[in-house]
Amino acid sequence: MNIIAIQIISLFLFVNVFYLFGVIKKRNDIADVAWGLGFILLSIITLIYNFNPKNLIVFGLVSFWGLRLSSHILKKFLRKNEEDSRYKKWRAGWGSFWPLFSWLKVYMLQGLLLFIVALPIIVSSQEKNTSMNWLTYLGMAIWIFGISYEIIGDNQLKDFILNKKNENNRIMKGGLWKFSRHPNYFGEAVLWWGIWLIVLGEYFWISIIGPLTILFLLRFVSGVPMAEEGYGDDEEFQEYKKKTPAMIPNFFIK
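Residues numbered from 1 in each chain as written. Predicted model: local features only at pLDDT ≥ 70, side-chain atom pairs only at ≥ 80, totals over all residues. Heavy atoms only, no water.

Structural notes on the overall build of the protein
- Secondary structure assignment for the protein yields 12 helices and zero strands.
- Along the chain direction, N to C, the helices and strands of the protein fall in the order α-α-α-α-α-α-α-α-α-α-α-α.
- The C-alpha atoms of the protein give a radius of gyration of 19 Å, which matches the 18 Å a tight globule of 254 residues would have.
- Its C-alpha atoms give the protein principal-axis dimensions of roughly 60 × 50 × 25 Å. (Helix = DSSP H or I, 4+ residues; strand = E, 2+ residues; numbered from the N terminus. Rg over C-alpha atoms; globule rule 2.2 N^0.38 Å.)

Concerning unusual backbone geometry
- Its identity as a non-glycine residue notwithstanding, Lys-26 has a phi of 55 degrees, on the positive side.
- Summarising the element assignment, Lys-26 is placed in the loop between α1 (3–25) and α2 (30–49).

Notes on the confidence of the model for the protein
- For the protein, per-residue confidence averages 93 on the pLDDT scale, and 98% of positions sit at 70 or higher.
- Of all helices and strands in the protein, the one with the weakest mean pLDDT is helix α12 (residues 235–243) (90), whereas helix α8 (residues 183–198) scores best (98). (pLDDT = per-residue confidence, 0-100.)

Some thoughts on the packing of aromatic side chains
- Scanning all chains against the criterion turns up 20 aromatic pairs.
- Pairing Phe-64 with Trp-143 gives two aromatic rings, centres 6.2 Å apart and planes at 70 degrees, and the pair type is edge-to-face. Here Phe-64 is found in helix α3 (residues 53–79), whereas its partner Trp-143 is found in helix α7 (residues 134–162), with 79 residues between them in sequence.
- Centroid distance Trp-193 to Trp-196: 5.6 Å. Interplanar angle 85 degrees. Geometry classified as edge-to-face. Here Trp-193 and its partner Trp-196 are both found in helix α8, three residues apart, which amounts to about one turn of the helix.
- Taken together, the ring pairs connect Tyr-87, Trp-90, Trp-94, Phe-97 and Phe-101 into an aromatic cluster.
- The ring of Phe-77 carries Arg-27 above its face, with NZ or CZ at 3.8 Å from the centroid.
- Taking NZ or CZ as reference, Arg-91 lies 4.2 Å from the ring centre of Trp-98, over its face. (Phe/Tyr/Trp six-rings, centres within 6.5 Å; stacked < 30°, edge-to-face > 60°. Lys NZ or Arg CZ within 6 Å of the ring centre and 35° of its normal.)

Side note on the environment of Ile-206
- Looking at the element boundaries, Ile-206 is found in helix α9 (residues 204–207).
- The partly exposed category is assigned to Ile-206, whose relative accessible area is 24%.
- With 31 residues separating them in the primary sequence, Ile-206 and Phe-237 have C-alpha atoms 39 Å apart.
- Apart from the residues lying within four places of it in its own chain, the contact partners of Ile-206 are Leu-119 and Val-123. (Buried < 20%, exposed > 50% of the residue type's maximum accessible area, 1.4 Å probe, protein only. Contact = heavy atoms within 4.5 Å.)

Focus on a positive patch on the surface
- Together, Lys-75, Lys-76, Arg-79 and Lys-158 give the surface a local cluster of positive charge.
- Sort the elements by how many residues they give to the positive patch and α3 lands first, with three residues.
- According to the relative accessible area criterion, Arg-79 is exposed, its value standing at 62%. (Patch = residues over 30% accessible without salt bridge, like charges linked within 9 Å, V, L, I, M, F, W, Y side chains within 5 Å. Areas by Shrake-Rupley, 256 points an atom, 1.4 Å probe, with all protein chains shown as cover. Salt bridge = Lys/Arg side-chain N within 4 Å of Asp/Glu carboxyl O. Lys, Arg positive; Asp, Glu negative; His and termini not counted. Charge placed at Lys NZ, Arg CZ, Asp CG, Glu CD.)

As for the pattern of salt bridges
- The final tally for this structure, using the stated rule, is nine salt bridges.
- Ionic pairing is found between Asp-84 and Lys-80, a salt bridge with its closest N-O pair at 3.1 Å.
- In this structure Lys-80 comes out as partly exposed when scored by relative accessible area, which is 36%.
- Residue Glu-239 is joined to Lys-242 by a salt bridge in which the shortest nitrogen-to-oxygen separation is 3.2 Å. In this pair, Glu-239 and Lys-242 are both assigned in helix α12, three residues apart and thus about one turn of the helix distant.
- On the accessibility criterion, Glu-239 (46% relative accessible area) is partly exposed.

Here we look at the nonpolar core
- Counting 45 residues, the largest nonpolar core has Phe-39, Trp-65, Tyr-107, Ile-121, Trp-192 and Ile-195 as its most contacted members.
- Ranked by the residues each element gives to this core, the list is headed by α2, at eight residues.
- Contact partners of Phe-39, with chain neighbours within four places excluded, come to Val-62, Trp-65, Leu-114, Val-117, Ala-118, Ile-121 and Trp-192.
- Ranked by size, the runner-up nonpolar core spans six residues in total, among them Phe-160, Met-172, Trp-177 and Phe-237. (Core = buried A, V, L, I, M, F, W, Y, C linked by side-chain atoms within 4.5 Å.)

Notes on the packing of α8 against helix α10 (residues 209–220)
- For the pair α8 and α10, the least separation of the axes is 9 Å and the interaxial angle reads 175 degrees. When the interaxial angle is binned, α8 and α10 end up roughly antiparallel. Of the residues in α10, those touching α8 at Tyr-185, Glu-188, Ala-189, Trp-192, Trp-193 and Trp-196 are Pro-211, Leu-212, Ile-214, Leu-215 and Leu-218.
- Looking at the contact of α8 with α10 residue by residue, the class counts come to 10 nonpolar, no polar and one charged. (Axes fitted to C-alpha atoms, helices over the stretch in contact; angles between N-to-C directions. Parallel < 35°, antiparallel > 145°, perpendicular 65-115°, else oblique. Nonpolar A, V, L, I, M, F, W, Y, C, P; charged D, E, K, R; others polar.)

Now the structure itself:
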């Protein structure tokens, strides 16, 4: 069987395992836990099929990123006794058809997007030129910068939330958050460009769809818009928004 067919079937089965759990527990927010793990699954299959230094590096980097993300979301999932409000709202809107719409609009859609974002990992199973070169090392450096930027941004936000002292200081505007409203999303987008460069080869014109897709999703779909949807009438946030870019940092802000 073709390796890409194996990856598609494996991802389909993987997503449906989480779907069954979500139906039984009536908690579609388990899909968020599956996101990072799905990339690890695809990188394992690629590594087994086409074992080489590049794919080994990608497996290690993707596993670090995926386990960090999924473990963080899993902790939040286990702390809650009920489904995340966003998924609960969707479920209520779908009525008695919620199992079908959950499968189509949550799990299958996520599986499709996961496959598209993971295209650099997937097509690297087909690459014949697997020798390390300067682009490989550049990609690793970009990935390290991206994951570091994301982790620093996440930690700064976490510290801010834990140490908020009054209601007049509700919006995180310090550290990396001074230069863009979502430095963690910026770091996330950057690290996927690093993965793309590491495995860059003859199928670059297909694999580039991956980092372009995650950049689009973070900026215009599931990242920035969802994170900011509750701040429409917040004057402090609107002032912050006027002078601070959404994702790409402006280091010249005073």
